[in-house]
Amino acid sequence: MRIGSIINGTERVGEDRNTIDVINPYTNEKAAEVALASREDLDAAVNNSLEVFQTTMKKMPAHERSDILRRAAEILEEKAEEFASVIVEEAGKPIKHSRSEITRSIQILKFSSELAKHMTGEVLPMDAALRGENRMGIVKRTPIGVVGAITPFNFPLNLSLHKIAPAIAAGNTVVFKPAEKTPISAYMLVKLFQEAGLPNGAINLVMGTGEEVGSALVTHDKVKKITFTGSLPVGKTIRETAGFKKVTLELGSNSPNIVFEDGDIDQAVTSLVLGAFGFSGQVCVSAQRIYVQKGIYQEFLAKFIKATEELVIGDPRDDKTDIGPMITKEAASRAKSWIEEAREQGATIETGGSQDGTVLTPAIITNVEQKMKVVSDEAFAPLVSVMPFDTEEEAVSRTNDSIYGLQAGVFTKDIDRAMRVSDQLEMGGVWINDASTFRQDNHPYGGVKQSGIGREGVKYAIEDMTESKFIGIKLNP
Ligand code: NAD
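Here the structure is a predicted model, which is why all the values come from computation and not from measurement.

The rules behind each value
Counting from 1, residues in each chain are numbered in the order their sequence is written. pLDDT decides what is reported in this predicted model: residues at 70 or higher carry local features, side-chain atom pairs at 80 or more are listed and counted, and totals for whole chains, interfaces and linings draw on all residues regardless. Excluded from the side-chain calculations are hydrogens and water; all other atoms, namely the structure's heavy atoms, are used. Whether two strands pair comes down to DSSP finding at least two bridges between them. Helix and strand definitions here come from DSSP, where helices need a minimum of 4 consecutive H or I residues and strands a minimum of 2 consecutive E residues; each element is numbered from the N-terminal end. To get an axis, fit a line to the C-alpha atoms, keeping to the stretch in contact for a helix; angles then go from 0 to 180 degrees between the N-to-C directions. Here the term buried applies to any residue with accessible area under 20% of the maximum for its type, exposed to any over 50%, and partly exposed to those in between, with areas from a 1.4 Å probe on protein chains only. Without a salt bridge and with relative accessible area above 30%, a residue can belong to a patch; like charges are then joined within 9 Å and nonpolar side chains (Val, Leu, Ile, Met, Phe, Trp, Tyr) within 5 Å. Using a 1.4 Å probe, the Shrake-Rupley method yields the accessible areas, and only the shown protein chains count as cover for residues. In the sections that follow, a salt bridge refers to a side-chain nitrogen of Lys or Arg positioned within 4 Å of a carboxyl oxygen of Asp or Glu. Note: domain ranges come from an automatic or database domain assignment. Whether two residues are in contact is decided by their heavy atoms: any pair within 4.5 Å suffices. The term buried area refers to how much accessible surface (probe radius 1.4 Å) is lost by two components on association, counted for both of them together. A helix is expected to reach a length of 1.5 Å times the quantity of its residues less one. Whether a residue is near a molecule or strand depends on its heavy atoms: it is near if one of them lies within 4 Å of it. We call two N or O atoms a polar contact when they sit within 3.5 Å, provided that within protein one can donate a hydrogen and the other can accept it, with sequence-adjacent residues counted only if both atoms are side-chain atoms. We call Asp, Glu, Lys and Arg charged. Ala, Val, Leu, Ile, Met, Phe, Trp, Tyr, Cys and Pro are nonpolar, and the rest, Gly among them, are polar.

A.B. asks: Mind laying out the sheet that holds strand β7 (residues 135-143), listing which residues take part and the relevant values?
C.D. replies: Whenever strands of a sheet pair, they do so through backbone hydrogen bonds, lying parallel or antiparallel. One open sheet holds the three strands; their spatial order is β6-β7-β25, and the pairing between them is antiparallel. A single partner strand is all that each edge strand has here, and the edge strands are β6 (122-124) and β25 (466-474). Pairwise comparison of adjacent strand axes, ignoring direction, gives a mean angle of 25° for this sheet. As defined by bridge partners, β7 adjoins β25 across nine bridges and the pair is classed as antiparallel.

A.B. asks: Can you explain the pairing of strand β18 (residues 363-366)? Please cite residues and give values.
C.D. replies: Burial along β18 is two-sided: the residues A363 and I365 and I364 and T366 are all buried. In the sheet, strand β15 (residues 348-351) pairs with β18 via three bridges, with the strands oriented antiparallel. When the sheet's bridge partners are listed, T351 is paired in β18 with I364. Two strands pair when backbone bridges link them, and β18 and strand β19 (residues 383-389) are joined in this way by three bridges, in the parallel orientation. The residue of β19 that forms the bridge with A363 is L383.

A.B. asks: Can you explain the sheet that holds strand β1 (residues 2-3)? Please cite residues and give values.
C.D. replies: With mixed pairing, three strands are arranged side by side in an open sheet as β1-β5-β4. If you trace the sheet from one side to the other, it starts and ends with β1 and β4 (19-23), each paired once. Across two bridges, β1 lies against strand β5 (residues 30-35) in parallel orientation. Along β5, the bridge assignment pairs R2 with E33.

A.B. asks: Tell me what's going on with a nonpolar patch on the surface, and back it up with residues and numbers.
C.D. replies: A cluster of nonpolar residues, V123, M136, I471, I473 and L475, forms a patch on the protein surface that exposes about 380 Å² of accessible area. Looking at the secondary structure, you find V123 in strand β6.

A.B. asks: Just give me the short version of the domain arrangement of the chain, but keep the residues and values in it.
C.D. replies: Assigned domains of the chain: these are domain 1 (2-252 + 452-471) and domain 2 (256-440). Between domain 1 and domain 2, the C-alpha centre-to-centre distance is 31 Å. Counting residues at the interface gives 26 residues for domain 1 and 29 residues for domain 2. In total, domain 1 and domain 2 occlude about 2,300 Å² of area from one another, counting both sides; carbon and sulfur atoms represent 64% of this. The three residues of domain 1 that bury the most area against domain 2 are Y26, F153 and G252, which together make up 25% of that side's buried surface.

A.B. asks: Describe the environment of Q407, listing the residues and the values that go with them.
C.D. replies: Here Q407 shows up in strand β21 (residues 407-411). Distance in space between the C-alpha atoms of Q407 and G447 is 7.3 Å, their sequence separation being 40 residues. Here Q407 is in contact with S255, P256, V285, M427, G429, W431, S436, F438, H443 and Y445, once residues within four sequence places are set aside.

A.B. asks: Could you give an account of the environment of Y291, with specific residues and numbers?
C.D. replies: Relative to the elements of secondary structure, Y291 occurs in strand β14 (residues 289-293). The sequence separation of Y291 and V46 amounts to 245 residues, and the corresponding C-alpha distance is 47 Å. Excluding anything up to four places from it in sequence, Y291 contacts P256, N257, I258, V259, Q370, M387, F389, R398 and T399.

A.B. asks: Help me get a handle on helix α3 (residues 80-91), residues and values and all.
C.D. replies: With 12 residues, α3 extends 16 Å from end C-alpha to end C-alpha; this agrees with the ideal 16 Å at 1.5 Å per step. Burial in α3 covers these residues: F83, A84, V86, I87, V88, E90 and A91. Tucked inside the fold, the buried residues of α3 contact β4, α2 (62-78), α4 (95-115) and α6 (183-195). At the exit of α3 stands G92, carrying a positive phi of roughly 75°.

A.B. asks: Explain unusual backbone geometry to me, using residue names and the numbers behind them.
C.D. replies: The backbone of N134 sits at a positive phi, close to 60°, despite the residue not being glycine. Within the fold, N134 resides in the loop between β6 and β7. Looking at N134, the relative accessible area reads 42%, which means it is partly exposed.

A.B. asks: Requested: an account of the site of the ligand, with residues and values cited.
C.D. replies: Around the ligand, a shell composed of 26 residues is seen, among which K177, E180, S231, L251 and E378 lie nearest. Within the side chain of K177, one N or O atom sits 2.6 Å away from an oxygen atom of the ligand. In isolation the ligand has 850 Å² of accessible area, and contact with the protein removes 88% of it. When residues of the shell around the ligand are traced back to their parent elements, those giving at least two are α7 (210-219) and β11 (225-229). For the shell around the ligand, the element with the highest residue contribution is α7, accounting for three residues. Of the residues assigned to the shell around the ligand, the class counts are 13 nonpolar, nine polar and four charged. Built from parts of two domains, the shell around the ligand gets at least three residues from each of domain 1 (2-252 + 452-471) and domain 2 (256-440).

In structure tokens, the structure reads:
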């Protein structure tokens, strides 16, 4: 299969283009060949998106935008298995997790379809201000124009839709630059929107590398907003080069979880095994640090190791598989080298950490120190450190000892403690009695500190993809 960019509804796959191969991380087979976009293609995509914004999307009634999004949801429901298989193939995500990504993606489309009809503003009490008598003030929300959406490989459909669907709901157009490793689902998604009736050019797909096409999208003066999900170094570059654009950055973390003595140990174990090792830890809110109160530390650790060793490792196409490959052999080798470095610095590897090509077995690490990479840097791999603590104050301060702050998990039955600790954690979100990893698609989601800027979750993304416009009327009584 040879695929390419789609600009104004037309595919650009010319033989003269440079290409990259999409490689199945488990079988190592070629899944597709991608014809890369040039800088000229990018310019054409942005110019066309601006034209379609001005001539079509800006004027499209809310009920039409809503209908298109609902139809897209229905088509995705019909094609769910096809999309899930593609995510298995391009990302190596186990089929059961790929299916759940599709289910969540359908929800994003449905939420967006509903919210397209609820872009309300407000009427201001103008006479609250001196000289405000006989004046009327209206605040409207208006679309901003061309949105540049840049996405990572790990949730190729869900995270792309967290940008594209709210942008369409708000009446914007989108230039979409998906991850190089997972462009097939992106290509299918743009085709799906065509089938759902979205006008040509309302989403333009540019296939290219981050360095060449991504960076040119970020600096393009006709793009009004960049919404990016990916790593911290790229996020920093985007922040520095985006100029006057609005920027949403959804970056990484070394997500913490705290298990208190009054928490439900079995519930914590079940949530955290999935939370630490789901999709081989290649999840931005993957549980990477687990702080366990001393009185239950040994019991928790024993149960956590046992449950981890029961995970089924193997072919991601198999329904029973819990853990498949990482995205590349290099990613697995890098994580393996962090585990070895921690071991040399005195850590104990309680289980896992052996590598076979792209597959790294889930590793539980103890006797760690804050300075070790496995604790302080984002691992983005199937590894987790389990650390004992004494007091609530200690747990809070060690949890906050990070450059990141995306989501945390807290396991406790004490409601007062739950609220006290949540208030003190420097995080974009806190889950009580679930792992840091859990996410729904309708709550505000995003980080503080170096985990990012702005929030997604359909309603919150729409807020960031619109401008408020004030219209004042001087009335003649
Ligand atoms: P990445 O940063 O390497 O790439 C993400 C995207 O950015 C890709 O499309 C890439 O082509 C593009 N890119 C690269 N260089 C660019 C540049 N100079 N200018 C513009 N675009 C550029 O990330 P990845 O390896 O695909 O994904 C893993 C990272 O994503 C992890 O750090 C993870 O924590 C993060 N992530 C965050 C969230 C979140 O919601 N906070 C969700 C998923 C993943």
